[in-house]
Amino acid sequence: HLHLQPASSIAPTMSVEEAILTYLSTSQEAVIEDTLTWSDQSKLDHKAVVGAIKSLQGDAYVTASDLTKSYYELSKEAKDILANGAQEVIVLAALCEAGEGGISMPDLQAKVGKNVCKIGMGNCMKNKWAKKDGGNLVATKAVADVTDEVQAALKALSDAAGSDAGMDAKTIQALKRRKLINLVTLKSYKVGRGDSYAPVRKKKAADLTKEMLDSGAWKTTEFKQYNFQTLGEKVGGGYLHPLLKVRAEFRNILLEMGFHEMPTNKWVESSFWNFDSLFQPQSHPARDAHDTFFIKEPAQTVSLPEDYYDRVKTMHEVGGSGSIGYRYDFKREETLKNLLRTHTTAVSSQMLYKLAHQEGGFTPQRYFSIDRVFRNETMDATHLCEFHQVEGLVADYDLSLGDLIGTIETFFKKIGIEKLRFKPAFNPYTEPSMEIFGYHPDLKKWTEIGNSGMFRPEMLAPMGLPENVRVIAWGLSLERPTMIKYRIKNIRDLFGHKVDMSRTRMAPICRFDDLTE
Amino acid sequence: MPTLAVDRDDLFAHIGRTYTDEAFDELCFEFGVELDEITSEREEALKSDTVKLSKDQIASLSSSVIYKIDVPANRYDLLCIEGLSRSLKIFLGDMDAPAYQRTTPEKMETITVQQDATSQVRPFVVCAILRDITFTPERYASFIDLQDQLHRNLCRQRTLVAIGTHDMDAVRAPFHYDARRPDEIEFVPLKSSDDTAGQAFTGRTLLEHYETHPDCKHLKPYVPIIKNSPLYPVVLDNEDTVLSLPPIINGDRSKITLDTKNVFIECTATDLTKANIVLDTVVTMFSEYCDKPYHIEPVQVNYVDSSGVTTKSYVTPELPTRRVQAGVDFINSLIGIDESAERMVELCNKIQLGPATLEQSADGKQMLEVSVPPTRSDILHPVDIAEDVGIAYGYNNIRKHVAQTNTVGGEQPLNKLSDLLRDEIGRAGYTEVLTHGLCSVRDNFTALRKPVTAAVSLSNPANVEYEVVRTTLLPGLLKTLQHNKSASFSAGFRIFEISDVVLPDDKHTITQTIVGARNERRLCAVYAGPTSGFEIIHGLVDRVLSLTEVAPEEEYVANSTKGDEEKFRVARDGWYYTIHELREDDDAASTYFPGRAAEILLTSPATSGEKVRIGTFGILHPEVLGNFSVGYPASSLEINLEPLM
């Protein structure tokens, strides 16, 4: 080790960086074999040395190669075992010494010590070296018949300076489980001269400053190379929620399509508007407490448009306008039950009622809404008991299923879904009804993407709409397209207080390929 | 949507054709049912989380393919393999729709209803007899499954209708339907647990048994339907043998076996319309297996009052075949197709609405007159016929239009304001959150150090987290902080939400309707960091009011040095706001740190010169922070946006 300069040759005033450069210029091999030993000898903090090397490496003053080393360190307990043997062997020896009658717990503890007793006894029982006999512990094996594998393994490790080379992985695992050994990793480097090596580092400026502009120093200053391989600084600022970004985009699309937004800021609804006005029979399963949240307080609707109520009741009970009705006794107490709306159609119904009654009579309309609805569903990765419903409807004379298909197609083209198929379906308040299936460009498969239909005449007639006015409507959830767009697997990661703010920060802008263009 | 599980090979045998999975899926799609899952008993067992079987047990299970098919909720005729395959065969043109017929027996069987008694608990009954039926193990299983399906769906867990099926030859007609005191009913029910096989019970002891015995969990849910009635309904034969104790259980004596030849079916009900639909469904499906297929023997039902006088009688099953008309032009216009009347007649055969004919209406329109079979109780109106014609035509063959409706789009002003403010507050460095409208009473009140006051509460909350509709947005934001502990608070953590709360209100009227509550649009923002950020939140208050064109009152800004910016302020005439310290005895003050809470007061043309509180802000009380496990000082603001419209 002749080439090693004595540690004292590093002047106390020298910076770590200067010390490294000086050593590389004055030592014979111009190499630091291992920063760890070198720091030790140079009485420098190894962390500071590594920091300086990284900085020098950035400017190619030095090269550094990784010399990571790992070894096992013995715990205090392990060192005791190394000296005295494993606890279970000590306990066994004590038991053997006590003879056939065994030894009581307190006596054993007094003899071998509390800690050794506790661990040793447990292991003796596990190894079946001892058994319980009344209150006493009795040996079932002679000390001579057992080997102290733990002590042997620790000795091997200790002799190999913590290296587990050639040792059984299971043995190491067992020692780790007993917290007898601990893997220590030492990161260090071998350092040599780099391409731009010089014994003294020339300070390069990191950034252009106001002072340089004022003094003109920027003309002569040498600038550090910029590392283009790292991300820029985070921008900070605020971020909008991904679901609400999608909501904004859907609103835009529907506004572009000439739809007018409905006032849906009304979560508590009467069963009347949520179900009865839609010609959904009072015995329909969706009206069970299993599906709908009913309100304890305020439990009942206070007032309703009574003449309309009468017409709805009649339609359910005996029909009319060409329908035979559902033929059952319509109950007022059922209609007055308050609930959290299960669909925004509760509002659509009110809009259509108002449209029929507006001054000057009915005029054709396009309506939409995107708002919360509530369902008493089993919650899982894709279902919460509240979610957002997107709903669009068109009311006009003599509309057809073809108009509905065309309107749905325009909407989905605007969110990048072109291939659609329609499946006959059932919905209590629409006839015909169609489930919408689309070939999803992100999922690359066919999937159900919405529901649709034409409102039943039994729903429209009691409102007082002209006979040949038809209403086409479709709906979908806002959560599902958002989860697909932002690659979210669990709805709780999208909606609610468990959302990770980092997800919100990372969410890109919401745009869809508009295929109508 | 009900799901029907059928053995694939059985189904194809019934249909008389075989398909690949893909081709069958396609057929289902066109017809309007959905092939939801392809599985097998073994696969099901492997997937099950609830039942864990050993490897050997699993290996012993059948691996024959099962199709799980979702059926529309109004098509009760598709809830068994018989009905589904029959409908598909007709749809494929392989079979004509059967004509379901009532036979004319030499002597019609009767059931006598003691209406004064039954009207107190379960008023109606309808009956039918399937003669000379042949059961096989598969048919028998399907017969039981169909009853289960109907009980679950149309019968609303047996509350509306309950089906009882009996071996006619094990009992003696005529039959009786009565309601008796629970202790006066005694019989041996169908076996429900090994330890009570063959044991006789009274009505009372039987219901107690079902409520408590671990093997009777499947029957327990029905007990409350009659439990507290003074009289229990009971169907009897002429020797007072109990056939059934509806809607709970049948008697053992009349139990159906594979050897049963003649089946007596009774449906007791609180809803007569549904009872008839249920009975028609069962007999139309299973009369297929009678020596004379699709022939059903009727039963006369006589209602008598307590003096024995017959007050009403009818014959069931009704098996109504209705002739219903729908205009050809109407169908074409509704579906958006242009089919000839003759082609529509043909299409009707595919969808079990045949035979159809063409008629002329009084005003000269061409009308399609179809036969609606008893299996199609879903047809209420000509639109239902139009839909079926559309299905037969194929929805995916319909030419699409875009409705020519000329309208102008527009936003709700409140939503527009909300969205504009969301953008601005995002720009101000706040991250948006979206939290639940439902929360616990604790989070909404006590955790905020507020007394529990009126809020819209649920009668059937899903769990304690969702007991009430929030009256404040703050808990959602604090819970968001709680769940984002690992985030960096060193530079201050800023979050906000604009959404609705719901407040009890018995005056608020929408569409002539008062439900007793109203929504209110709020903005809530929270700052949490190394220090409370009170001034930061205070600054947001000023910013929001500046953005909504409200000017600070002179008294409010008297002490602050007005920047040059002030000369660019734009505000609405007569709109001012000011900030006052919240008095400690104010209800809103308890959430905040004493002396660090304020109210926001608005003067606008709508307040007629009064200062009206629209919100509050302040440093959150350390106990509130503790209740939500927030480890940093924090300030919050909550403001009603509606007065700023």
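The numbers attached to residues start from 1 for each chain and follow its sequence in the written order. In the order they appear in the text, chains get letters beginning with A and ligands get numbers beginning with 1. For a predicted model such as this one, the threshold for reporting local features is a pLDDT of at least 70, and the threshold for listing and counting side-chain atom pairs is 80 or more; totals across whole chains, interfaces and linings nevertheless cover every residue. No hydrogens and no water enter the side-chain calculation; it runs on all heavy atoms of the structure.

1. Points about the overall build of chain B
- Within chain B one finds 19 helices and 30 strands.
- A compact globule built from 645 residues would reach a C-alpha radius of gyration of about 26 Å, whereas chain B, at 34 Å, exceeds it by more than 25%.
- Working definition: with a 1.4 Å probe on protein chains only, accessible area under 20% of the residue-type maximum means buried, over 50% means exposed, and in between means partly exposed. Per-residue burial for chain B yields a buried fraction of 56% across its 645 residues.
- In what follows, a contact means two residues having at least one pair of non-hydrogen atoms within 4.5 Å. Nonlocal contacts in chain B, meaning residues at least 24 apart in sequence, comprise 70% of its contacts between residues at least 6 apart.
- On chain B, roughly 27,500 Å² of surface is accessible, and the fraction owed to carbon and sulfur atoms is 48%.
- Of note, chain B has its 63 positive side-chain charges centred 2 Å away from the centre of its 97 negative side-chain charges. Helix numbers and strand numbers start at the N terminus; a helix is a DSSP run of H or I with at least 4 residues, a strand a run of E with at least 2. Only C-alpha atoms enter the radius of gyration; for comparison, a globular chain is expected to reach 2.2 Å times N to the power 0.38, where N is the number of residues. Computed with the Shrake-Rupley method and a 1.4 Å probe, the accessible areas treat only the protein chains shown as cover for residues. Only four residue types enter the charge count: Lys and Arg as positive, Asp and Glu as negative, with His and the chain ends excluded. The location of each charge is read from NZ of Lys, CZ of Arg, CG of Asp or CD of Glu.

2. Points about unusual backbone geometry
- Here the residue pair A173 of chain B and P174 of chain B is connected by a cis peptide bond, since its omega of -5° sits within 30 degrees of zero.
- In this structure, P174 of chain B sits in the loop between strand 7 (161-167) and strand 8 (175-180).
- Residue S321 of chain A is not a glycine yet carries a positive backbone phi of 50°.
- Inspection of the secondary structure puts S321 of chain A in the loop between helix 13 (306-318) and helix 14 (332-336).

3. Re the side chain of E34 of chain B
- Looking at the secondary structure, you find E34 of chain B in strand 2 (residues 34-39).
- It is K423 of chain A that comes nearest to the buried, bridge-free E34 of chain B among opposite-charge side chains, at 4.0 Å.
- Setting aside anything within four residues of it in sequence, one finds E34 of chain B in contact with K423, E435 and F437 of chain A together with K68, I69 and D70 of chain B. Salt bridges are defined as contacts in which a side-chain nitrogen from Lys or Arg sits within 4 Å of a carboxyl oxygen from Asp or Glu.

4. Observations concerning the sheet that holds strand 6 (residues 136-139) of chain A
Residue and element names in this part refer to chain A.
- Strand order across the open sheet formed by 3 strands is 4-6-5, with antiparallel pairing between neighbours. At either margin of the open sheet sits one strand with a lone partner, and together these are strand 4 (103-104) and strand 5 (130-133).
- Of the strand pairs in this sheet, strand 4 and strand 6 are connected by 2 bridges, and their pairing is antiparallel. Opposite I103, over in strand 6, you have L137 as the bridge partner. Two strands are counted as paired when DSSP detects at least two bridges linking them.

5. Examining the confidence of the model for chain A
- Taken residue by residue, chain A gives an average pLDDT of 90. The fraction at 70 or more is 97%.
- The pLDDT value tells you how sure the predictor is about a given residue, anywhere from 0 up to 100. Of the regions scoring below 50 in pLDDT, residues 1-9 of chain A engages in 11 contacts with residues more than four places distant in sequence or in other chains.

6. Examining the pairing of strand 8 (residues 189-193) of chain A
Residues and elements named next belong to chain A.
- Here strand 1 (residues 31-32) pairs with strand 8 via 2 bridges, running antiparallel. Across the sheet, I32 pairs through a bridge with V191, a residue of strand 8.
- Taken together, the 5 bridges between strand 2 (residues 62-66) and strand 8 define a ladder with antiparallel strand orientation. Bridged to T63 within strand 8 is G192.

7. Details of the side chain of D419 of chain B
- Mapped onto the secondary structure, D419 of chain B falls in helix 14 (residues 413-427).
- Note on D419 of chain B: relative accessible area 13%, which makes it buried.

8. Looking at the environment of N115 of chain A
- Among the secondary structure elements, N115 of chain A is positioned in helix 7 (residues 114-126).
- In this structure, the C-alpha to C-alpha distance between N115 of chain A and E77 of chain A, residues 38 residues apart in sequence, is 10.0 Å.

9. Let's talk about the interface of chain A and chain B
- On the chain B side, the residues contacting the 108 residues of chain A number 98 residues.
- The quantity reported as buried area is the accessible area (1.4 Å probe) lost by two parts once they are put together, taken as the sum for both. With both chains or domains summed, chain A and chain B bury close to 8,500 Å², and 56% of this area falls on carbon and sulfur atoms.
- By the criterion of area lost to chain B, the three top residues of chain A are W267, H497 and M501 of chain A, representing 9% of everything that side buries.
- With a shortest N-O distance of 3.7 Å, R372 of chain A and E497 of chain B are connected by a salt bridge.
- Sort the elements by how many residues they give to the side of chain A that touches chain B and helix 16 (residues 401-414) of chain A lands first, with 8 residues.
- Lys, Arg, Asp and Glu make up the charged group, whereas Ala, Val, Leu, Ile, Met, Phe, Trp, Tyr, Cys and Pro make up the nonpolar group; the residues left over, Gly among them, are polar. Residues that form the side of chain A that touches chain B fall into these classes: 50 nonpolar, 32 polar and 26 charged.
- Relative to strand 22 (residues 457-458) of chain B, strand 11 (residues 295-297) of chain A runs antiparallel, the two being bridged by 2 bridges. Opposite E297 of chain A, over in strand 22 of chain B, you have S457 of chain B as the bridge partner.

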